[in-house]
Amino acid sequence: MEELRKHQVSLRGASAREISRDALLEKVSLEREHRNYARKAASASIYIQKVWRSYNETRKVAIKFQDEWESLVKNPAEFMTGELISCSVLRPFIFFITCLSIRPQKILARELKCMQSCFGIILESINSTDSKKNICSLIVDTAEQRRTYQMQKLISLCSFILSECDTSPAGSRDIVVLTSLGLRLVVVLTDLKSWKIVNDDNIKEADAAVKNLVSFMGNCRSGLYASLRRYISRLDVCFSPKGKSIVQTDDKFLISASAVTIAIRPFSLTTYNMVDCSKFEVHSAAEQYCLYLLTIPWLTQRLPAVLLPALKHKSTLSPCLQLLLVMTDFKR
């Protein structure tokens, strides 16, 4: 008995003599782990509550902005100037659409109507010959990055809408109409000939602004090529040459044609050069074209035959092939 007591160490007084040293150390270690876990759980709980409160408050502000925005655009007539469109229409629109549609990755009926109204206002402004009413004049006349940023956000928004578009009978007709309108906006924004306020005095600035938007379109940040892949992958596969020769005149063909147009537009900015390819994001566009489009199963059977020559054109495939050659040499 005396020999057994020699191997017991009391760290808590006489009442703890029955606990061995190893058992006590294990108990203390376990209690420490429990305290650390409780501290981490409390910290995580506080962080989750902070994120949720931030999300909830941001959503409330976004809904408030949406209510005010809908009241504003009910009468978009004569008072609409390019400056007012940029500040009072686009700024709140981009904020609440980002919070309510882009981040949750869903398009609800109310947000869909807001997008249609906004795209219509911007298209009407771009088609105006009055420089005060044309929003493109703000991009040309000022070096302010906010103007270009707004157009880039619109391009990203239209790419997101394209990814949600389903032209099959099971798809939403409203989304199809919205997609057609959104792609029309992107085509007009990235086409210098569609800018009605361009003249001999500002053609250089306008050309630089258009190239800036097209270069952003070829950048992965726009999400364009990933959205194109998702859209084209939903199209029906048609193996019959006779069936593919029929020219479609509905929104499905219009969306496909617009999608192909904006997909190859970054390649038309400059002749592909491996030394200078970063200037207009041709390298990024070629990389994404190979990754997202050329790897679509049955790509040529999903698109109308009349659109295939544009996808196979030398100016489009040459940068892609050069990129693949460079990557092959690099791996060696």
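As a starting point, this report considers the structure included with it. (Residues numbered from 1 in each chain as written. Predicted model: local features only at pLDDT ≥ 70, side-chain atom pairs only at ≥ 80, totals over all residues. Heavy atoms only, no water.)

**A short note on the packing of helix H3 (residues 82-102) against helix H4 (residues 109-126)**
Stated precisely, the cut-off is as follows: For helices, the fitted axis covers only the stretch in contact; all axes are lines through C-alpha atoms, and the angles between them, taken along N-to-C directions, range from 0 to 180 degrees. Numbering of helices and strands starts at the N terminus; helices are DSSP runs of H or I of at least 4 residues and strands are runs of E of at least 2. An angle below 35 degrees is treated as roughly parallel, one above 145 as roughly antiparallel, one from 65 to 115 as roughly perpendicular, and anything else as oblique. By the definition used in this description, the sense in which the near helix is turned from the far one sets the handedness, with an anticlockwise turn below a right angle giving left-handed and a clockwise turn giving right-handed. The contact definition used throughout considers only heavy atoms, calling two residues in contact when any of these lie within 4.5 Å.
It is the contact of H3 with H4, at a shortest axis distance of 11 Å, that shows an interaxial angle of 150°. Relative to H4, H3 is oriented roughly antiparallel. Crossing angle aside, the handedness with which H3 passes H4 is left-handed. Of the residues in H4, those in contact with Ile85, Val89, Leu90, Phe93, Phe96, Ile97, Leu100 and Ser101 of H3 are Glu111, Cys114, Met115, Cys118, Ile121, Ile122 and Ser125.

**Focus on the nonpolar core**
The test is simple: The criterion is simple. A nonpolar core is a set of buried Ala, Val, Leu, Ile, Met, Phe, Trp, Tyr and Cys residues joined through side-chain atoms within 4.5 Å. With a 1.4 Å probe rolled over the protein chains alone, any residue whose accessible area is under 20% of its type maximum counts as buried; one over 50% counts as exposed, and the rest are partly exposed.
Formed by 83 residues in total, the largest nonpolar core has its most connected members in Phe93, Met115, Phe119, Leu185, Trp195 and Tyr225. If we skip the residues at most four places from it in the chain, phenylalanine 93 touches Trp69, Cys114, Met115, Cys118, Leu154 and Leu157.

**Some words on the packing of H4 against helix H7 (residues 173-189)**
This is how it is decided: Polarity classes work like this: nonpolar for Ala, Val, Leu, Ile, Met, Phe, Trp, Tyr, Cys and Pro, charged for Asp, Glu, Lys and Arg, and polar for all others, with Gly in that last group.
Contact pair H4 / H7: the axes reach a minimum separation of 10 Å and the direction vectors enclose 30°. What the angle tells us is that H4 and H7 run roughly parallel. In this structure, the crossing between H4 and H7 has a hand that is left-handed. From H4, Leu112, Met115, Gln116, Phe119, Gly120, Ile122, Leu123 and Ile126 reach across to H7, where they touch Asp174, Ile175, Val177, Leu178, Leu181, Gly182, Arg184, Leu185, Val188 and Leu189. Split by residue class, the contact of H4 with H7 holds 13 nonpolar, three polar and two charged.

**As for unusual backbone geometry**
Even without a glycine there, the phi angle at glutamine 105 is positive, about 60°. Within the element layout of this structure, glutamine 105 appears in the loop between H3 and H4. Unusually for a residue other than glycine, tryptophan 298 sits at a positive phi of about 55°. With respect to the helices and strands, tryptophan 298 occurs in the loop between helix H12 (282-293) and helix H13 (299-302).

**Remarks on the environment of phenylalanine 65**
By the secondary structure assignment, phenylalanine 65 is in helix H2 (residues 21-72). Residue classification places phenylalanine 65 among the partly exposed positions, given a relative accessible area of 33%. Ignoring any residue separated from it by four or fewer positions in sequence, one finds phenylalanine 65 in contact with Pro92, Phe95 and Phe96.

**Here we look at the packing of aromatic side chains**
This is how it is decided: Pairing of aromatic side chains requires ring centres within 6.5 Å, counting the rings of Phe and Tyr and the six-membered ring of Trp. Pairs whose planes differ by under 30 degrees are stacked, by over 60 edge-to-face, and all others tilted.
This structure, assessed with the given rule, holds six aromatic pairs. Ring geometry for tryptophan 69 and phenylalanine 93: centres 5.5 Å apart, planes at 35°, overall tilted. Note that tryptophan 69 is positioned in helix H2 and phenylalanine 93 in helix H3, a separation of 24 residues in sequence. Judged by relative accessible area, which is 1%, phenylalanine 93 ranks as buried.

**Here's the deal with a positive patch on the surface**
Stated formally: A patch consists of residues exposed above 30% relative accessible area that lack any salt bridge, with like charges linked at up to 9 Å and nonpolar side chains (Val, Leu, Ile, Met, Phe, Trp, Tyr) linked at up to 5 Å. For every accessible area listed, the method is Shrake-Rupley and the probe measures 1.4 Å; residues are considered covered only by the protein chains on display. Salt bridges are defined as contacts in which a side-chain nitrogen from Lys or Arg sits within 4 Å of a carboxyl oxygen from Asp or Glu. All tallies of charge rest on Lys and Arg as positive and Asp and Glu as negative; His and the ends of each chain are not included. One atom stands in for each charge, and that atom is NZ of Lys, CZ of Arg, CG of Asp or CD of Glu.
Where like charges cluster on the molecular surface, the positive patch consists of Arg32, Arg35, Arg39 and Lys40. Examined against the element boundaries, arginine 35 turns out to sit in helix H2. Owing to a relative accessible area of 48%, arginine 35 belongs among the partly exposed residues under this scheme.

**Details of the pattern of salt bridges**
Any two side chains of opposite charge can pair, so long as their charged atoms come close to each other. According to the stated counting rule, one finds six salt bridges in the structure shown. Where aspartate 251 meets arginine 173, a salt bridge forms, and the shortest distance between an N and an O atom there is 3.0 Å. Of the two residues, aspartate 251 sits in helix H11 (residues 251-264) while arginine 173 sits in helix H7, which places them 78 residues apart along the sequence. Residue class for arginine 173 comes out exposed when judged on its relative accessible area of 55%. For aspartate 207, the salt bridge goes to lysine 211, with nearest N and O atoms at 3.3 Å. Of this pair, aspartate 207 and lysine 211 both sit in helix H8 (residues 203-217), four residues apart, which is roughly one turn of that helix.

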